[in-house]
Amino acid sequence: MQEGVRLGVTEFKPQNGQPGIGLALGGGLARGFAHIGVIKALNRNGVFPTLITGTSIGAVVGACYLANKMDAFEDWALSLTRYKVFSYLDFRVRSAGLIGGTRLRTMLEEHFKDMTFADLPYPLICIATDLATGHEIWMRKGNLLEAMIASFALPGVFPPVKYDGRFLVDGALVNPCPVSPCQAMGARMTIAVDLNADLIGKATKPGTAYQTVTGFDLFNNEDVSPETQKTFNASSLSRRLFRREENNPSLFGVMVSALSIIQDRLTRSRLAGEPPDVHIRPTTGHIGLLEFEKGKELIRLGEEATERAMPEILAAKHLFLSQTQ
């Protein structure tokens, strides 16, 4: 990571205990790495959120920021290759999800084991969906790791997480960009980071939309040797999930693309009814939802989008501060 750019929570305390700047971090799988760039640019310009709400990958980034683990998270994001990403996936046949999630849990436990929401200096709300009722669940108490995993438990891919007596799945099904929790918790100013702003309409010819969603190839030759690719592709399960004929999506591509459409439409509807004070829209639509190896580009796109919005952010911050004095 770039020397001198270290992320962390400041000692700023909101007046009267009321949250000052709320930051709503939306879902978007790999595109969530853009959130790192957003937070870097905010901090660099003297903007420090004191309330964070997050859906899916947004919940993970929000937890890392408030737990002062953003440096490690950024370093990990920049280290990823296509092969390393798939090494975290433990495929299951007889399960409520195609991926067990054990390897991902083990990795997250290194940083968040036994940590609770109460250990964080400022409020964090992780958004999930109740699988039985479809209700939007705001998790802000108890075990932090379980809440993070529940928030990104993509239906059909990861198994539901039992949390406080409910089976929970990805919060993107109900609130892809969680502005409403920020407003409900009393944030005086809300910044929303929408990763779905340019998601739909990227295809210029048949099949390219699915390539954008899933990535062009399961592996890149630069990442993995041909021998290793042959071994992975020898699995009947991986072939069924990821193999696609020319100009046709894979099974996994159909699942992820369907969720992308839901996220796009729902995000537009929710933000129209619950507009933030500032809306940041990183241009990440050309990057596949599984292209985690593009962390460097995604972080840069998050920074650039935030810098473009900075005049509006600073104007809103000035108004917020003038009202609190």
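Described in the following lines is the structure provided in the data block. (Residues numbered from 1 in each chain as written. Predicted model: local features only at pLDDT ≥ 70, side-chain atom pairs only at ≥ 80, totals over all residues. Heavy atoms only, no water.)

### Side note on helix H6 (residues 144–151)
Note: α-helices contain 3.6 residues per turn, so residues at a spacing of three or four share the same orientation.
(1) Moving on: Of all 8 residues making up H6, 7 are buried, and the element is well covered by its neighbours.
(2) Moving on: Of all the positions in H6, only Leu-144, Leu-145, Ala-147, Met-148, Ile-149, Ala-150 and Ser-151 are classed as buried.
(3) Moving on: Between the side-chain oxygen of the N-cap and the backbone nitrogen of Leu-145 there are 3.0 Å, and the N-cap of H6 in question is Asn-143. (Buried < 20%, exposed > 50% of the residue type's maximum accessible area, 1.4 Å probe, protein only. Helix = DSSP H or I, 4+ residues; strand = E, 2+ residues; numbered from the N terminus. Polar contact = N/O pair within 3.5 Å; in protein donor to acceptor, adjacent residues only side chain to side chain.)

### Structural notes on the packing of helix H1 (residues 34–44) against helix H2 (residues 57–66)
(1) Moving on: Two elements in contact, H1 and H2, have axes whose closest approach is 10 Å; the angle formed by their N-to-C orientations is 40 degrees. Here H2 runs oblique to H1, going by the angle between their axes. As for the relative orientation of H1 and H2, their crossing is right-handed in sense. Mapping the contact onto sequence places His-35, Ile-39 and Asn-43 in H1 and Gly-58, Val-61 and Tyr-65 in H2. (Axes fitted to C-alpha atoms, helices over the stretch in contact; angles between N-to-C directions. Parallel < 35°, antiparallel > 145°, perpendicular 65-115°, else oblique. Left-handed = near helix turned anticlockwise from the far one by under 90°. Contact = heavy atoms within 4.5 Å.)

### Quick notes on the packing of aromatic side chains
(1) Moving on: This model, assessed by the stated rule, comprises 5 aromatic pairs.
(2) Moving on: With a centroid separation of 5.9 Å and 70 degrees between ring planes, the pair formed by Phe-33 and Phe-73 is classed as edge-to-face. Remark: Phe-73 occurs in helix H3 (residues 70–79) and Phe-33 occurs in the loop between strand S1 (21–25) and H1; sequence separation between them is 40 residues.
(3) Moving on: Judged by its relative accessible area of 8%, Phe-73 is buried.
(4) Moving on: Ring geometry for Phe-33 versus Phe-292: centroids 5.8 Å apart, planes at 75 degrees, classification edge-to-face. On the criterion of sequence distance, the pair formed by Phe-33 in the loop between S1 and H1 and Phe-292 in the loop between strand S8 (278–280) and helix H12 (295–324) is long-range, its members being 259 residues apart.
(5) Moving on: The class for Phe-33 is buried, based on a relative accessible area of 1%.
(6) Moving on: Through a chain of ring-to-ring contacts, three or more aromatic side chains come together here, namely Phe-33, Phe-73, Trp-76 and Phe-292. (Phe/Tyr/Trp six-rings, centres within 6.5 Å; stacked < 30°, edge-to-face > 60°.)

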